[in-house]
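Secondary and tertiary structure notes
This is what each chain is made of:
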Amino acid sequence: MTLRTPALFPWLAGLLAIYLIAPLAAGVQQAGLADWNTVDTGALLHACVISVASATTATLIIAIGGIPLGYLLARIPGRAMGALGFLVQLPLALPPLASGILLLFLVGYGAPLGRLTAGALTDSFVGIVLAEVFVAAPFLIIAARSAFAAMDPVLEDVAATLGHRPLFVFFRVSLPIARSAIWSGLLLAWLRAFGEFGATVMVAYHPYSLPVYTYVAFGAQGLPAMLPVLAPTLALALAIMVLSTLAGAQVNGRRLSLPSTAALPNALAKMASRSSAMTGAVDLALRLEKQLGGFRLDVAWSPQAHRLAVLGPSGSGKSLTLKLIAGIERCDRGTIMVDGRDISALDPALRGIAYVPQNYGLFPHLTVIEQLHFPVDADPHAVRHWIDRLGLHGLEQRRPDALSLGQQQRVALARALVRPARLLLLDEPFSALDAPLRSRLRQEMRALQDELNAATIIVTHDPAEAALLADQLLLLDAGQVLQSGPTDQVFRRPANETAARLLGAESVATGVAAGTDSIAVGAGVLLRIAGPALESGARVGWTVPAARIRLSDAGPYQGSVESIIDVGTDRQITIRFGNAAINALVGAGELSCGSVCRFDIDPDAVRIWPLPAA
Ligand code: ADP
Ligand code: MG
């Protein structure tokens, strides 16, 4: 690795580092001057015990309250939480003596709490702990808040859809991911508590903690008596730092083992019979209403199919629709009927819906095999089956950062499938992949859909993906349903031009129905179409995919070439055809701008939508 740093940095960094280490070196050099005879060993030892015990007690208290506080500050938006976050950091900004004075207003002899406890909160071990908690807690709260804020909340959402309750999700997902930052926060808090002097002398001068004892000894005996006092102080601080580093470096050692392969044929047979017995299609009736800031989602959709897709441009509410179905977001109003049962009031853990978010939501701290055993009711045989079926062999002990995007997708899919579910929701599962991989994984998904007992809902902005992977489509635009229905019908008869463009139309044109199966697209130019009959005289919009226009000398249509663009080995030409300019994809050949060409258009490929009467 080559290190590229500004030339000035080593000098600046070096000077400060030397200054920080120099006093330590000076102390060691003066060791010979130490006056060991004046040391009251008993008092010194007592002060050490008081300091270690109080710092440890304070750190425990800080951990118990500070980790949840940091978590809530990171998760709950709004001004009130912002203000709370600011206020609880205040002890960091205050001079410790001022903190001590403030504490005395609360727990001192004359204060309400002091009177109530008969002075037990001052000049006591409890008083030391109170002072230390006050000044040291912000170190942990800040560390915990930033660690939780940096964590992708989708991981907790996914864990909920895998059947887990919030407390389990916190201990198994959130806390392990934030662990190293929280560990550093706890170390800082302990060291701050251990070294605390200012607030402590105000609240609890007795019993002597190590810093207070140091101050007292310094006043009585001067500098030569300090070295014997400093030695245990330094040793204890160093010991805690070393212990904490060692504990922090220890990896989360638990490894899950695979079920024995002897059970495999049995398991596969079970999976196979499950597949053959399945009905597949789900009976859905969705009524979703949700306001998010300035965005409003309003969806009504009642499809009956095994393979469904939601298609819409970016920001149209596709992901939100999936989250509402999964239960990660709650509807303002609405019902979610799955096979006749309304699940809209159920917790995500109880909905029986598998969810694969965009970017897959794999837990960064778990290996592949741990991810697959994570869901509640994960069936070990199903785990083994999906490892085989999705080609995850050899990856079991890897963490997500050691997997390719394609492998991550398979792991996320396997994790969603190891517990029984009626619906599998996939949010843009192919959008992060490069073109060849995308194409291959789409084909694999197509095959997988036929094996699944669950119906799939795939969210996408790609019409080709929707066409391949769905029998029923929902088109969304700006939170509203543009159209829904069987895929082939929606493609043949888009509701309007917006829907047609969403479905991939590049060039659109207008015409007038000249009979039930043809439209006039210019003076005396008729285009034959297939599909549902048209009402003669109706104005329509129309489009045809470039790949469905075929140049042929025997073709029924004639037009002039307006432009030619090379696209690799093909050429995209624009043909003037009646009042329309249509794009066609053709191979190399004798074509030039302005030349006349003959061509054929498959009537089945013409897509038509109604236009308001002129
Ligand atoms: P899509 O998945 O179709 O790209 P999304 O469902 O993610 O769109 O988002 C739909 C709309 O909701 C977007 O316009 C987005 O800006 C808005 N939105 C999402 N989350 C919030 C939120 N927490 N507050 C306000 N608006 C939001
Ligand atoms: Mg989205």
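Residues numbered from 1 in each chain as written. Chains lettered and ligands numbered in written order. Predicted model: local features only at pLDDT ≥ 70, side-chain atom pairs only at ≥ 80, totals over all residues. Heavy atoms only, no water.

Once that is clear, we can look at the pattern of salt bridges. Within this structure, the stated rule accounts for 22 salt bridges. Where Glu289 meets Arg333, a salt bridge forms, and the shortest distance between an N and an O atom there is 2.9 Å. In this pair, Glu289 sits in strand E1 (residues 282-292) while Arg333 sits in strand E5 (residues 333-338), placing the two residues 44 residues apart along the sequence. Classification of Arg333 by relative accessible area gives exposed; the value is 52%. (Salt bridge = Lys/Arg side-chain N within 4 Å of Asp/Glu carboxyl O. Helix = DSSP H or I, 4+ residues; strand = E, 2+ residues; numbered from the N terminus. Buried < 20%, exposed > 50% of the residue type's maximum accessible area, 1.4 Å probe, protein only.)

With that out of the way, let us pick up empty space enclosed by the protein. The full count for this structure, using the stated rule, is one cavity of 30 Å³ or more. The space that makes up the largest cavity amounts to roughly 30 Å³. Ranked by residue count, the leading element in the lining of the largest cavity is helix H11 (residues 210-221), at three residues. Broken down by class, the residue content of the lining of the largest cavity amounts to five nonpolar, two polar and one charged. (1 Å grid on protein atoms, 1.4 Å probe; cavity = no way out; pocket = protein on both sides within 12 Å on 5 of 7 lines; lining within 4 Å. Points joined across faces, edges and corners; volume = space filled by probe spheres on them. Nonpolar A, V, L, I, M, F, W, Y, C, P; charged D, E, K, R; others polar.)

Once that is clear, we can look at the packing of helix H2 (residues 41-75) against helix H9 (residues 166-194). Packed helices, taken two at a time, are described by their axes: the angle between them and the distance between them. Two numbers describe how H2 lies on H9: the axes approach to 9 Å, and their chain directions differ by 140 degrees. Crossing handedness for the pair H2 and H9: right-handed. When H2 is examined against H9, the residues Ser51, Val52, Ala55, Thr56, Ala58, Thr59, Ile62, Ala63, Ile67 and Tyr71 are found in contact with a partner set consisting of Phe170, Ser174, Leu175, Ile182, Leu186, Ala189, Trp190, Ala193 and Phe194. Residues that form the contact of H2 with H9 fall into these classes: 15 nonpolar, four polar and no charged. (Axes fitted to C-alpha atoms, helices over the stretch in contact; angles between N-to-C directions. Left-handed = near helix turned anticlockwise from the far one by under 90°. Contact = heavy atoms within 4.5 Å.)

The next point concerns the domain arrangement of the protein. When cut into domains, the protein gives domain 1 (26-245), domain 2 (282-489) and domain 3 (505-610). Facing the 16 residues of domain 1 at the interface are 21 residues of domain 2. Between domain 1 and domain 2, the buried area comes to about 1600 Å², and carbon and sulfur atoms account for 72% of it. The interface formed by domain 1 and domain 2 holds zero salt bridges in total. Taken together, the links from domain 1 to domain 2 amount to five residue pairs in polar contact (both at pLDDT 80 or more). (Domains from an automatic or database assignment. Buried area = accessible area lost by both parts, 1.4 Å probe. Polar contact = N/O pair within 3.5 Å; in protein donor to acceptor, adjacent residues only side chain to side chain.)

Here we take up the site of ligand 1. By nearness alone, every residue bordering ligand 1 is listed as Leu292, Gly293, Phe295, Pro313, Ser314, Gly315, Ser316, Gly317, Lys318, Ser319 and Leu320. Within the backbone of Ser316, an N or O atom sits 3.1 Å from an oxygen atom of ligand 1. Between ligand 1 and Lys318 there is a distance of 2.9 Å, counted from an oxygen atom to a backbone nitrogen or oxygen. The biggest single contributor to the shell around ligand 1 is helix H14 (residues 318-326), with three residues. In the shell around ligand 1, the residues fall into four nonpolar, six polar and one charged. (Near = heavy atom within 4 Å.)

We now examine the sheet that holds strand E17 (residues 557-567). Read across the sheet, five strands follow the order E16-E20-E17-E18-E19 without closing on themselves; strand pairing throughout is antiparallel. At either end of the open sheet lies a strand with only one pairing partner, and these are strand E16 (549-551) and strand E19 (580-586). On average, each strand axis in the sheet is tilted by 45 degrees relative to the strand beside it, whichever way the strands run. Pairing geometry for E16 and strand E20 (residues 596-601), over three bridges, is antiparallel. Across the sheet, the residue bridging to Leu551 is Phe599, located in E20. (Pairing = 2+ DSSP bridges.)

A few words on the sheet that holds strand E12 (residues 509-515). Strands sit in the order E14-E13-E12-E15-E21 across an open sheet of five strands; the sheet is antiparallel. The strands lining the two open edges of the sheet, one partner per strand, are strand E14 (525-528) and strand E21 (607-610). Mean inter-strand twist for the sheet, computed between neighbouring axes without regard to direction, equals 45 degrees. Looking at chain direction, E12 and strand E15 (residues 539-543) are connected through four bridges and run antiparallel. Paired with Thr510 across the bridge in E15 is Gly541.

What follows is about the packing of helix H5 (residues 96-107) against helix H7 (residues 125-150). Viewed as axis vectors pointing N to C, H5 and H7 meet at an angle of 125 degrees, and their least axial separation amounts to 11 Å. In this view, H5 runs oblique relative to H7, as classed from their interaxial angle. The way H5 lies across H7 gives a crossing that is right-handed. Residues Ser99, Leu103 and Val107 of H5 lie in contact with H7, whose contacting residues are Leu130, Ala131, Phe134 and Val135. Within the contact of H5 with H7, the residues separate by chemical class into six nonpolar, one polar and no charged. (Parallel < 35°, antiparallel > 145°, perpendicular 65-115°, else oblique.)

The next subject is the nonpolar core. Counting 38 residues, the largest nonpolar core has Leu284, Ile325, Phe363, Leu423, Leu425 and Ile457 as the members making the most contacts within it. The leading source of residues in this core is H14, at five residues. Taken domain by domain, this core gets at least three of its residues from each of domain 1 (26-245) and domain 2 (282-489). Not counting residues within four places of it along the chain, the set of residues in contact with Ile325 comprises Leu286, Leu288, Ile336, Ile343, Arg351, Ile353, Leu423, Leu425 and Ile457. Membership of the second largest hydrophobic core comes to 34 residues, among which are Val356, Leu413, Ala414 and Leu417. (Core = buried A, V, L, I, M, F, W, Y, C linked by side-chain atoms within 4.5 Å.)

Glancing now at unusual backbone geometry. Put simply, His206 and Pro207 share a cis peptide bond, and its omega is -15 degrees. Along the polypeptide, Pro207 turns up in the loop between helix H10 (198-203) and H11. In this structure, Asp377 is a non-glycine residue whose phi angle is positive, near 65 degrees. By the secondary structure assignment, Asp377 is in the loop between helix H15 (368-373) and helix H16 (380-389). Phi angles above zero are rare outside glycine, and Ala478 is one such case at about 50 degrees. Counting through the fold element by element, Ala478 comes out in the loop between strand E10 (472-477) and strand E11 (480-486).

Using the criterion set out here, one finds 14 aromatic pairs in the structure. The positively charged end of Arg415 is found above the aromatic ring belonging to Phe363, 4.6 Å away from the centroid. (Phe/Tyr/Trp six-rings, centres within 6.5 Å; stacked < 30°, edge-to-face > 60°. Lys NZ or Arg CZ within 6 Å of the ring centre and 35° of its normal.)

It is worth spelling out the confidence of the model for the protein at this point. Averaged over all residues, the pLDDT of the protein equals 90, while 95% of them reach at least 70. Here residues 251-278 scores under 50 on pLDDT; set against residues more than four positions off or in separate chains, the count is 36 contacts. (pLDDT = per-residue confidence, 0-100.)

Let us now look at the environment of Val299. Tracing the sequence through the fold places Val299 in strand E2 (residues 295-301). Judged by relative accessible area, which is 0%, Val299 ranks as buried. Those residues in contact with Val299 that sit more than four places away from it in its chain are Leu286, Arg287, Leu288, Thr321, Leu474, Leu476, Gly479 and Val481.

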